[in-house]
Amino acid sequence: MERRTIGATALEVGAIGLGCMPMHWAYTASQQSGETALRTVHAALDAGASLLDTADMYGPFTNELLVGRVLRERRSEAFVSTKCGLLVGEQHIVANGRPGYVKRACDASLRRLQTDVIDLYQLHRPDPEVPVEETWGAMADLVAAGKVRALGWCAIGARTRRRVAGDLYDGTIRQLERVQQVFPVSCVQAELSVWSREALDALVPWCASRGVGLLAAMPLGNGFLSGTLTPGQGFEPEDIRARHPRFTAEMMAANQPIVAGLRRVADRHGATAAQVALAWVLAQGRYVIPVPGTKKARWAVENARAAELRLTEKDLEEIGGLPRALGSWY
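Values in this document were obtained by computation on a predicted structure and should not be read as measured data.

**Q** Explain the overall build of the protein here, please?
**A** Helix and strand counts for the protein come out as eleven helices and twelve strands. Relative to a compact globule of 330 residues, whose C-alpha radius of gyration would be 20 Å, the protein shows 19 Å and is just as compact. Along the three orthogonal principal directions, the C-alpha set of the protein runs to about 50 × 45 × 40 Å. By the burial criterion, 56% of the 330 residues in the protein qualify as buried. In the protein, the share of contacts with a sequence separation of at least 24, taken over all contacts with a separation of at least 6, comes to 77%. Accessible area for the protein stands at about 13600 Å²; split by element, carbon and sulfur atoms hold 50% of it. Taking the average location of the 38 positive side-chain charges in the protein and that of its 35 negative ones, the two points are 1 Å from each other.

**Q** Which parts of the structure should I look at to understand the pattern of salt bridges?
**A** Any two side chains of opposite charge can pair if their charged atoms end up close together. Applying the stated rule across the entire model yields 18 salt bridges. Here E12 ties to R3 by a salt bridge, and the two come within 3.7 Å at their closest N and O atoms. With a relative accessible area of 46%, E12 lands in the partly exposed category. On the accessibility criterion, R3 (43% relative accessible area) is partly exposed. Among the ionic pairs, E64 bridges to R112, the shortest N-O distance being 2.7 Å. Pair noted here: E64 is in helix α2 (residues 62-74) and R112 is in helix α3 (residues 99-113), with a separation of 48 residues, a long-range link. For the residue pair E64 and R112, the accessibility class agrees, reading buried in each case. Within the structure, one salt-bridge network assembled from shared partners comprises R264, R268, D315 and E318.

**Q** It is not clear to me how the nonpolar core should be interpreted in this structure. Could you clarify?
**A** The tendency in soluble globular proteins is for nonpolar side chains to be buried side by side. L52, Y121, L192, L203, L262 and I319 are the most contacted members of the largest nonpolar core, which has 89 residues in total. Apart from residues no more than four positions distant in its own chain, L262 is found in contact with V194, L225, A273, V276, A277, I319 and L322. Grouped together as the second largest cluster of nonpolar side chains are eleven residues, V13, F79, C187 and L215 included.

**Q** Would you explain the sheet that holds strand β9 (residues 148-154) in this entry?
**A** Sheet strands pair via backbone hydrogen bonds, and the direction of the pair is either parallel or antiparallel. Strand order across the open sheet formed by eight strands is β3-β4-β5-β8-β9-β10-β11-β12, with parallel pairing between neighbours. Since the sheet does not close on itself, it has two edges, and those belong to β3 (18-19) and β12 (288-291), each with one partner. Two elements, β9 and strand β10 (residues 187-191), share three bridges in a ladder whose sense is parallel. Its bridge partner being in β10, C154 is matched across the sheet by Q189.

**Q** What is the right way to read the environment of V67 from this model?
**A** Mapped onto the elements of the fold, V67 is located in helix α2. Given a relative accessible area of 0%, V67 falls into the buried group. When the C-alpha atoms of V67 and E191 are compared, they prove to be 23 Å apart, with 124 residues separating the residues in sequence. With sequence-adjacent residues up to four places away left out, V67 is seen in contact with C20, L52, T54 and L113.

How each quantity is defined
- Residues numbered from 1 in each chain as written.
- Predicted model: local features only at pLDDT ≥ 70, side-chain atom pairs only at ≥ 80, totals over all residues.
- Heavy atoms only, no water.
- Helix = DSSP H or I, 4+ residues; strand = E, 2+ residues; numbered from the N terminus.
- Rg over C-alpha atoms; globule rule 2.2 N^0.38 Å.
- Buried < 20%, exposed > 50% of the residue type's maximum accessible area, 1.4 Å probe, protein only.
- Contact = heavy atoms within 4.5 Å.
- Areas by Shrake-Rupley, 256 points an atom, 1.4 Å probe, with all protein chains shown as cover.
- Lys, Arg positive; Asp, Glu negative; His and termini not counted.
- Charge placed at Lys NZ, Arg CZ, Asp CG, Glu CD.
- Salt bridge = Lys/Arg side-chain N within 4 Å of Asp/Glu carboxyl O.
- Core = buried A, V, L, I, M, F, W, Y, C linked by side-chain atoms within 4.5 Å.
- Pairing = 2+ DSSP bridges.

Put into structure tokens, the structure is as follows:
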């Protein structure tokens, strides 16, 4: 697989990663299986998808434990990305950016992952009660201690706040500018897909101008862009799509022209709609790395093979002209 670099430290990873969240969090619980997930991680590594993206809150903790079982055997083949900063309670999730907590969370993640160093340690969400410089400083101390190789910032949560004025990621960029004064940001993780392009306005250019990597979260639009979901199929109560405005039966039907457009391009290349969607993300810049999430090995392998697909200018123009998605978060 093509290799891409993350940040000024030029850490190399496969051009397409593996998002491990669906294995233990946010998606169809009845289809979650530890052994199935284990095979999926192994299949992704076999296919060259070396970046494994997890977090302590997924489960919580169970996803890191599963990834740790793989790392015990294949640490040299994997680039491990995990996150801190969110605590999961009975009915709520709260941010915790206190320096002491961040350092304890890192030690706990290292134990679960069965490794002595985390390649990329990301702040899942900033704590509004703690100056972000203090949280980032504690994370920088972990780099100095040799427990972490590089630091990243998750901007995924920006979509859950209503925009008042300006770009969706204006606030994120202001925070990034602040923490850059403390320690270099190696990558930013944000939603980017054919049906969610807001990061292209300012965030992707900000990253590109500074050599900062961008991990494209949800590059398949929570599964919609794969074309494998049926309008009105319904979702289990704990599945995030059950509350997503774009996943009502009406909106799923209304957004089918997007999938149809991806399939038209895919047919010209002997590919799938999902692979075209991932290839489009790859085409947005050499520092952009899509991290599609999946629970199943067959999808992990299919996603990884999208790195071989080269879209033409005509393809990109056609995809760029597809209808904007209906049923916005904002």
